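The lines below spell out each chain.
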Amino acid sequence: MRVAGPLRIVVLIFTAGLTWIMGSILLGTHGSGFSRLQQLFSSPENAVTTGILSFPDPEASRAELRGVLGVRLSHALGFGEPRARKYKCGLPQPCPEQHLAFRVVSGAANVIGPKICLEDKMLMSSVKDNVGRGLNIALVNGVNGELLEARSFDMWAGDVNDLLKFIRPLHEGTLVFVASYDDPATKMNDETRKIFSELGSTNAKELAFRDSWVFVGAKGVQDKSPFEQHVKNSKSTNKYEGWPEALELEGCIPQRTMGTQ
C-alpha cells in the first residue's frame, strides 16, 4: 500500500503530460515546452542542416551535403575555382591557323634571366642554360617555325663583331626573337642598330645602357614590326634599383609560305 500511492501519482502525472501534448498537436498550439521536446527528439534524418543550407529530404540532403563538402574541400585544396585555360606558350587564346604562337620575356635586372617561347617550346631560358647578359637572340625558320640557332651576346664586355657575324647573313623570311638581360646596348654601334632597324625595330636606334627591350622582327619586312616593347633606364621610373621593369611580349606571327621564302 505504501508503494501504490506514489506509483499512482507518477501514472497521473505521466497521463496528464501525455494528454497535454496530444491536445497541443490536435489544436496546433505548440507551446515553448513542446518545441523543446520536438527539437530534442527530432531525428537528424528528418532535416540536415549545414551552414546556411537546410535540406528537408534526407536522401537529397545527404547527396547535396556531400556536394557542398566536396566544393569546400576543393576550395581548401586550391583547385575549386575553374582555371582560365592557357594555350601555347601560355597565351590566353589560341592563334589562328598558319600562325606561330610566341612569348618573349626580358630579364629582370641582372637576377632573373629572359625567356623565349615559340609554339609551346622554350627556345631560350635560364633552365636551358643558354641565356646571358646582353642580347639573347633566337633565329627561326619563318615557314615551319623550326629553331635555326640561339645565342646570347654580352653587350657590356663582349665583342660586338660576334653579334654582327650572327645577324648579317640572315636569309629572307628568317624570324628574329630578341630579349634583353641586364645591359643590351653599351657595345652597340651604328651598323648593329641599322640592321635591327631593317629587321623592323623602331627602338634600336635609341637603345641605351640597361634599357629593357623585347623585339620580334624578320629579314625582309617592309614595315616596322608590331612586336616590340622598350622601357628606358631612368632613376625616376625604374622598378628595380638601377634597372627598369621586365617586359613581356606575346602574340601570333603569320607563317610565311614557300612562295614568299
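Computed from a predicted model, the values in this text were never measured in an experiment.

Section: the environment of Q93
Structurally, Q93 is set in the loop between α3 (58–77) and β3 (99–105). Judged by its relative accessible area of 55%, Q93 falls in the exposed class.

Remarks on the nonpolar core
Of all hydrophobic cores here, the largest spans 22 residues; its most connected members are L135, I137, L163, V178, F196 and W213. The element that contributes the greatest number of residues to this core is helix α4 (residues 160–167), accounting for five residues. With sequence-adjacent residues up to four places away left out, L163 is seen in contact with L135, I137, F153, M155, T192 and F196. The next biggest cluster of nonpolar side chains, apart from the first, holds 20 residues, and it includes L100, M124, A138 and F227.

A few points about unusual backbone geometry
For A109, which is not a glycine, the phi torsion comes out positive at approximately 55 degrees. Structurally, A109 can be placed in the loop between β3 and β4 (115–118). A positive phi angle, near 60 degrees, is found at R210, a position not held by glycine. Within the secondary structure layout, R210 lies in the loop between α5 (190–198) and β9 (212–218).

A closer look at the sheet that holds strand β8 (residues 175–181)
Read from one edge to the other, the open sheet built from five strands follows the order β7-β6-β8-β9-β10, with strand pairing classed as antiparallel. Edge positions in the sheet fall to β7 (147–153) and β10 (228–231), since each of these pairs with one other strand and no more. Along the sheet, successive strands turn relative to each other by an average axial angle of 15 degrees, direction set aside. Pairing of strand β6 (residues 134–140) with β8, which is carried by seven bridges, proceeds in the antiparallel orientation. Paired with L139 across the strands is V176, a residue of β8. Sheet strands in contact with α4 are β6 and β7, and its direction is about 165 degrees off that of β7.

Definitions and cut-offs
- Residues numbered from 1 in each chain as written.
- Predicted model: local features only at pLDDT ≥ 70, side-chain atom pairs only at ≥ 80, totals over all residues.
- Heavy atoms only, no water.
- Helix = DSSP H or I, 4+ residues; strand = E, 2+ residues; numbered from the N terminus.
- Buried < 20%, exposed > 50% of the residue type's maximum accessible area, 1.4 Å probe, protein only.
- Core = buried A, V, L, I, M, F, W, Y, C linked by side-chain atoms within 4.5 Å.
- Contact = heavy atoms within 4.5 Å.
- Pairing = 2+ DSSP bridges.
- Axes fitted to C-alpha atoms, helices over the stretch in contact; angles between N-to-C directions.

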